[in-house]
Amino acid sequence: MLDIRLLREHPEVLDAAMAKRHGSWDKERFQSIDAKRREVIAEVEQLRAQRNATSKQIGALMGQGKKDEAEAAKEGVRKINDRIDELTVQQNEADEALHELMTHIPNIPAEGVPEGKDDSENVEVKKWGTPRDFAAEGFEPKPHWDLGTSLGILDFDRGVKLAESRFTVLAGMGGRLERALINYFLDTHAKHGFKEFWPPVVCNRDTLYGTGQLPKFEDDAFHVLPDFFLIPTAEVVLTNLHRDETLPGDTLPRHYTAFTPCFREEAGSAGRDTRGIIRVHEFDKVEMVMFARPEDSDNQLKAMIGEAEFLLQELKLPYHIVNLCGGDLGFSARQTFDIEVWLPSYNNYKEISSCSNCGDFQARRANIRYTDPSQFKGSRYLHTLNGSGLPAGRTMAAIMENYQNPDGTITVPEVLRPYMGCDVIGEEKLK
RNA sequence: GGAGGGGUGGCAGAGUGGUUGAAUGCGGCGGUCUCGAAAACCGUUUAGCCGGCAAACCCGGUUACGAGGGUUCGAAUCCCUCCUCCUCCGCCA
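Residues numbered from 1 in each chain as written. Chains lettered and ligands numbered in written order. Predicted model: local features only at pLDDT ≥ 70, side-chain atom pairs only at ≥ 80, totals over all residues.

Colleague: Run through the overall build of chain A, naming residues and quoting values.
Modeller: Scanning chain A from N- to C-terminus turns up 14 helices and 18 strands. Out of the 431 residues belonging to chain A, those deemed buried represent 36%. Summarising the internal contacts of chain A: among those between residues at least 6 apart in sequence, 73% fall at separations of at least 24. (Helix = DSSP H or I, 4+ residues; strand = E, 2+ residues; numbered from the N terminus. Buried ≥ 20, exposed ≤ 12 C-beta atoms within 10 Å, placed from the backbone. Contact = placed C-beta atoms within 7 Å.)

Colleague: Tell me what's going on with the environment of valine 237, and back it up with residues and numbers.
Modeller: You can see valine 237 is positioned in helix H10 (residues 234–240). Judged by the 24 C-beta atoms lying within 10 Å of it, valine 237 falls in the buried class. Residues valine 237 and phenylalanine 197 lie 40 residues apart in sequence; the distance between their C-alpha atoms is 9.8 Å. Leave out the neighbours within four places in its chain, and valine 237 touches Pro199, Pro200, Cys203, Thr207 and Ile231.

Colleague: So what's going on with the sheet that holds strand E5 (residues 202–204)? Residues and values would help.
Modeller: The strand order E5-E7-E6 describes an open sheet built from three strands, whose pairing is antiparallel. With one partner strand each, in any of the chains shown, E5 and strand E6 (222–224) form the two edges of the open sheet. Looking at each pair of strands side by side, their axes are set apart by 45 degrees on average, direction ignored. As defined by bridge partners, E6 adjoins strand E7 (residues 228–230) across three bridges and the pair is classed as antiparallel. Bridge pairing in E7 links phenylalanine 222 to leucine 230. (Pairing = 2+ DSSP bridges. Axes fitted to C-alpha atoms, helices over the stretch in contact; angles between N-to-C directions.)

Colleague: Explain the protein's contact with RNA strand B residue by residue, including any values.
Modeller: Around RNA strand B lies a shell of 20 residues, among which Ala49, Ile58, Gly59, Lys74 and Val77 are the nearest. Taken together, the elements giving at least two residues each to the surface near RNA strand B come down to helix H3 (27–63) and helix H4 (67–103). The biggest single contributor to the surface near RNA strand B is H3, with 14 residues. By residue class, the composition of the surface near RNA strand B is seven nonpolar, five polar and eight charged. (Near = placed C-beta within 6 Å. Nonpolar A, V, L, I, M, F, W, Y, C, P; charged D, E, K, R; others polar.)

Colleague: Mind laying out the packing of helix H8 (residues 173–191) against helix H13 (residues 392–402), listing which residues take part and the relevant values?
Modeller: At their nearest, the axes of H8 and H13 sit 10 Å apart, and the two run at 115 degrees to each other. Considered as vectors, H8 and H13 are oriented roughly perpendicular to each other. Of the two possible hands of crossing, H8 and H13 adopt the one that is right-handed. Here Leu177, Glu178, Leu181 and Ile182 of H8 come into contact with H13, specifically with Ala392, Thr395 and Met396. Considered class by class, the residues forming the contact of H8 with H13 number five nonpolar, one polar and one charged. (Parallel < 35°, antiparallel > 145°, perpendicular 65-115°, else oblique. Left-handed = near helix turned anticlockwise from the far one by under 90°.)

Colleague: Can you explain the sheet that holds strand E15 (residues 379–381)? Please cite residues and give values.
Modeller: Sheet architecture is open: three strands sit in the order E8-E14-E15, paired in mixed fashion. Strands with a single pairing partner mark the edges of an open sheet, and in this sheet they are strand E8 (245–248) and E15. The average undirected angle you get between the axes of adjacent strands in this sheet is 40 degrees. Examined bridge by bridge, E8 and strand E14 (residues 368–371) share four bridges and lie parallel to one another.

Colleague: I'd like to hear about the nonpolar core, residue by residue, with values.
Modeller: If you look at the biggest cluster of nonpolar residues, it comprises 91 residues, and the most contacted ones within it are Leu181, Ile231, Met304, Ala308, Leu312, Val341 and Met396. There are two domains that each give this core at least three residues, and those are domain 1 (26–103) and domain 2 (119–425). Setting aside its immediate chain neighbours within four residues, methionine 396 contacts Leu177, Glu178, Leu181 and Ile277. (Core = buried A, V, L, I, M, F, W, Y, C linked by C-beta atoms within 7 Å. Domains from an automatic or database assignment.)

Colleague: Give a detailed account of the environment of lysine 316, specifying residues and quantitative values.
Modeller: Structurally, lysine 316 is set in the loop between helix H11 (297–314) and strand E11 (319–323). The spacing of lysine 316 and arginine 78 is 238 residues in sequence and 76 Å in space, taken between C-alpha atoms. Leave out the neighbours within four places in its chain, and lysine 316 touches Gly129 and Pro413.

Colleague: Describe H8, naming the residues involved and giving the relevant values.
Modeller: Side chains that are three or four residues apart share a direction in an α-helix, a result of its 3.6 residues per turn. The end-to-end C-alpha distance of H8, which contains 19 residues, comes to 26 Å, matching closely the 27 Å that a straight helix rising 1.5 Å per residue would cover. Among the residues of H8, those classed as buried are Met173, Gly174, Leu177, Ala180, Leu181, Ile182, Tyr184, Phe185 and His189. Once H8 ends, the next one or two residues include glycine 193, with phi positive near 95 degrees. (Expected span 1.5 Å × (residues − 1).)

Colleague: An account of unusual backbone geometry is needed here, citing residue identities and associated values.
Modeller: Residue proline 215 is reached from leucine 214 by a cis peptide bond, and omega for that bond is 0 degrees. Positionally, proline 215 belongs in the loop between helix H9 (205–211) and E6. In this structure, proline 253 follows leucine 252 across a cis peptide bond, with omega equal to -5 degrees. Unusually for a residue other than glycine, asparagine 367 sits at a positive phi of about 55 degrees. As for its position among the elements, asparagine 367 is in the loop between helix H12 (361–366) and E14.

This is the structure we're talking about:
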């Protein structure tokens with residue numbers, strides 16, 4: 001959510017922001033609703049003032065036993081109330097319309113966000129590692145879905161049997177690898193000062209609203225029960241931990257992490273990434289969330305990216321980082337850097353972590369503030385950041401493909417060996 | 001699942017229809033006193049919205065006592081629904 005005063009007083013700022021996103025906003029509608037709303041409020045409040053004053057007089061008259069005068073005054077107030085009722089209906093309509101409009105407006109891109117209309121215009125800002133040259137080694141790399149199926153560690157058919165398409169079963173060392181990754185990620189974050197949480201994976205509407213998934217993206221949310229949802233990412237619950245709270249400034253920045261399963265409808269993604277475990281309805285992810293002072297949030301974003309990079313470097317997986325252009329920027333983000341890992345099956349880099357600075361956009365929606373008596377009176381909105389660190393599934397796919405051997409086995413990255421208890425993943429004996 | 005009792009300002013805790021945005025205590029802030037500190041004393045201390053304005057937390061108004069509805073000229077105070085916390089019983093891991 002943006003500051004309504006900004007839209008009112010500097011609509012040109014939003015014009016520019018929306019242009020950068022290659023979107024638009026209904027400025028005329030905003031201005032007419034806003035004007036109407038304020039007009040109605042002015043009248044209704046004036047009437048209320050009148051009513052409140054008269055009511056006090058009635059109290060006094062009753063005390064003096066002047067019943068007739070009191071009755072006459074009551075009649076006057078009833079008429080005022082009728083008018084207030086009419087106006088209140090109008091005000092509610094205006095409030096709802098304004099709220100509807102405001103909650104559908106995305107965040108304003110930061111200055112450093114490149115121009116561009118879609119992901120083809122994202123700007124690469126860093127490249128690390130060199131993709132393995134399988135041709136030089138004399139064999140054709142297999143995609144992880146083939147490797148996983150023949151090793152017996154990925155079972156797509158049974159995932160469909162248990163649930164539906166895009167649900168997967170990990171078997172044997174596949175499960176072990178998933179668990180190893182999760183533990184390795186969490187252990188690393190903990191070592192680096194992140195506080196670990198185990199939140200519920202079911203959340204309510206207010207929670208999804210706070211981080212910006214609702215109301216605009218209800219179709220993407222995974223519904224359970226009439227008004228509850230399975231979280232699409234731990235960002236949602238970690239950020240909302242502090243909804244309607246004011247944090248002492250000296251406790252910032254805060255670095256949080258959590259492992260949770262994530263659920264996505266993936267509505268509209270039919271036909272894309274249909275094979276393997278790249279895009280599924282349920283996947284495991286370790287998430288990072290930060291709460292920061294406004295002047296510090298850009299630095300914290302760098303720290304967050306560094307944390308995700310650390311994991312990939314230790315895993316020795318080649319990646320590059322792209323600065324998302326305006327047209328590819330997510331709804332709540334003011335700036336996002338995607339880390340993309342090399343996937344031989346795609347012969348390209350594929351998103352594995354998305355680190356965003358949301359500025360005060362989510363904080364305003366979720367009402368998360370901070371205090372700093374030495375700097376200002378009262379409280380202000382803080383900045384929220386989130387990033388994957390990392391998803392287990394896509395990381396597993398990347399490991400399988402990048403660490404595969406000619407015989408179809410998979411070498412275990414060194415940092416995971418203590419967790420895996422082996423150096424190589426071979427064929428599962430029981431299928 | 002059943003029975004009962006609560007949800008009030010940063011915290012504790014009054015308040016059962018009228019000038020209560022809300023007593024009192026604690027805490028916070030400012031001051032007096034002090035070499036300084038403590039103690040004591042004095043004062044002060046909620047937020048959103050609308051308007052005045054170029055602006056201001058400067059003034060006026062309005063809203064808010066878990067949330068939403070209702071009764072009333074008027075509700076923290078009465079009624080209804082929901083949420084939530086606590087106690088007891090039952091059930092289950």
